[in-house]
Amino acid sequence: MGKILVTGGAGYIGSHTCVELLNSGYEVVILDNLENSSEKSIKKVEQITNKNLDFIRGDVRDEKILSKVFENENINSIIHFAGYKAVGESVEFPLKYYENNVSGTIVLLEKMKEFNVKNIVFSSSATVYGDPHEVPIKESFPLKPSNPYGKTKRMVEMILEDLYESDKSWNIGLLRYFNPVGAHESGLIGEDPRGVPNNLTPYITQVAVGKLKKLSVFGDDYPTKDGTGVRDYIHVKDLASGHLKAIEKISENPGLFAVNLGTGKGFSVLEVLKAFEKACKKEIPFSIESRRPGDIARCYADTSLAREFLNWEAKYGIEEMAEDAWKWQKNNPDGYGKD
């Protein structure tokens, strides 16, 4: 059994997935340029699992480094996380997103082809569905991403679909995540956004820990139970186990598949806030602001395909997500700190 190359493995979802892989007996090589992550997360992964992994600091766009990785390591499969992921930033700097997320993947795929490594699990996103005509969202729904970040994810999916059409010996898993939340229960690894968080839950925990003054809730006039936006929040440990199932599936030569990873339940912003207040045992100040452009009212997954095809389903609820995220934030008020 060869090793698994995890691009962006020092990041939030990558580090939790490396824990799952190592605990399941896989050998892991991380390639990460540490632009939005910390080498400390890799040390913590080794601490949690009591196992070693290989870390190479480098960028997926760097052909020389990729060649070295494939020459020196016995790589069998790739889990491809490396990419930028902030919706707002993608609207402001679309070229940066296309260059990194799309061009970077093409460089990686060229190298895989050159070294005859044809197994890849791609970190996609529910943003590929855009504003769905109904919920829950099935994999067969129209794909109409509404921002450059979502479009880069869909573009990479299309590249992988075309690659598979041209050569059926590839095995390709497209995992469409909903909203990752939480942290490892040890409190050693978690979400460490650079600057002001873009996502709801690290923003809530940073208000709770006193780093930010209050939470802004964008819109309370959506057609939802309390007027705030509804999303499918999934524990990052569940998300990580989904990647493990996808890697196991690939060993059966399934060809190309696209699967939603979510809980199948929607929670509103105010419900998430309440779960965090319970976990933190304190009130979290918030204010209602006007809607953000491009935000949709409701988004949650139909998870039946993940159950049937990957034999996977989410185990953790919103309470555990809140408790684990809070434990991480409380133990690490400044995230991983400065490298």
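Scroll up for the structure.
Computed from a predicted model, the values in this text were never measured in an experiment. (Residues numbered from 1 in each chain as written. Predicted model: local features only at pLDDT ≥ 70, side-chain atom pairs only at ≥ 80, totals over all residues. Heavy atoms only, no water.)

A.B. asks: How would you sum up the overall build of the protein? Please name residues and give values.
C.D. replies: Looking only at helices and strands, the protein has 11 helices and 14 strands in total. Taking 339 residues into account, the globule formula puts the C-alpha radius of gyration at 20 Å, and the protein, at 19 Å, falls close to it. Projected onto its principal axes, the C-alpha coordinates of the protein cover approximately 55 × 45 × 40 Å. Going through the 339 residues of the protein one by one, you find that 56% of them count as buried. Pairs at least 24 apart in sequence give 79% of the contacts found in the protein among residues at least 6 apart. Per element, the accessible surface of the protein, about 15000 Å² overall, is 47% carbon and sulfur. Of the side chains in the protein, 43 bear a positive and 49 a negative charge, and the two mean positions are spaced by 3 Å. (Helix = DSSP H or I, 4+ residues; strand = E, 2+ residues; numbered from the N terminus. Rg over C-alpha atoms; globule rule 2.2 N^0.38 Å. Buried < 20%, exposed > 50% of the residue type's maximum accessible area, 1.4 Å probe, protein only. Contact = heavy atoms within 4.5 Å. Areas by Shrake-Rupley, 256 points an atom, 1.4 Å probe, with all protein chains shown as cover. Lys, Arg positive; Asp, Glu negative; His and termini not counted. Charge placed at Lys NZ, Arg CZ, Asp CG, Glu CD.)

A.B. asks: Would you mind going over the layout of surface pockets in detail, with residue names and values included?
C.D. replies: The rolling of a water-molecule-sized probe over the atoms marks out the regions of remaining empty space. The space that makes up the second largest pocket amounts to roughly 330 Å³. Along the lines of polarity and charge, the residues of the lining of the second largest pocket split into three nonpolar, six polar and seven charged. (1 Å grid on protein atoms, 1.4 Å probe; cavity = no way out; pocket = protein on both sides within 12 Å on 5 of 7 lines; lining within 4 Å. Points joined across faces, edges and corners; volume = space filled by probe spheres on them. Nonpolar A, V, L, I, M, F, W, Y, C, P; charged D, E, K, R; others polar.)

A.B. asks: Describe the sheet that holds strand E14 (residues 298-299), listing the residues and the values that go with them.
C.D. replies: As a general point, the strands of a sheet are linked pairwise by backbone hydrogen bonds and lie either parallel or antiparallel. Reading across from one edge, E12-E9-E14 is the order of the three strands in this open sheet, with mixed pairing throughout. Edge strands, defined here as strands with exactly one partner in the open sheet, are strand E12 (267-268) and E14. Inspection of the sheet shows strand E9 (residues 230-231) paired to E14 by two bridges, in the parallel sense. Bridge pairing in E14 links Val230 to Arg298. (Pairing = 2+ DSSP bridges.)

A.B. asks: Requested: an account of the side chain of Ser37, with residues and values cited.
C.D. replies: Among the secondary structure elements, Ser37 is positioned in the loop between strand E2 (28-32) and helix H2 (39-49). Among the polar contacts made by the side chain of Ser37, one reaches the side chain of Asp32 at a distance of 3.0 Å. (Polar contact = N/O pair within 3.5 Å; in protein donor to acceptor, adjacent residues only side chain to side chain.)

A.B. asks: Lay out empty space enclosed by the protein in plain terms, naming residues and giving numbers.
C.D. replies: Under the counting rule described, the total for this entry stands at two cavities of 30 Å³ or more. If you add up the space inside the largest cavity, you get close to 70 Å³. Lining the largest cavity are Gly182, Glu191, Thr201, Pro202, Thr205, Ala325, Trp328 and Gln329. Mapped by element, the contributors of at least two residues to the lining of the largest cavity are helix H7 (200-208) and helix H11 (318-331). A breakdown of the residues in the lining of the largest cavity according to their chemical character gives three nonpolar, four polar and one charged. Approximately 40 Å³ is the volume attributed to the second largest cavity. Within the residue set of the lining of the second largest cavity, elements represented by two or more residues are helix H5 (94-114) and helix H6 (148-166).

A.B. asks: Kindly report on the packing of aromatic side chains, identifying the contributing residues and their values.
C.D. replies: All told, the structure shown has four aromatic pairs when counted by the stated rule. Seen in terms of ring centroids, Tyr84 and Tyr97 are 5.4 Å apart; in terms of plane orientation they differ by 50 degrees. Their pairing is tilted. With Tyr84 in the loop between strand E4 (75-80) and helix H4 (87-92) and Tyr97 in helix H5, this pair connects stretches of sequence that are 13 residues apart. Side by side, Tyr84 and Tyr97 carry an identical accessibility label, which is buried. Aromatic side chains Trp328 and Tyr336 sit 4.9 Å apart centroid to centroid with 55 degrees between the ring planes, which places their arrangement in the tilted category. (Phe/Tyr/Trp six-rings, centres within 6.5 Å; stacked < 30°, edge-to-face > 60°.)

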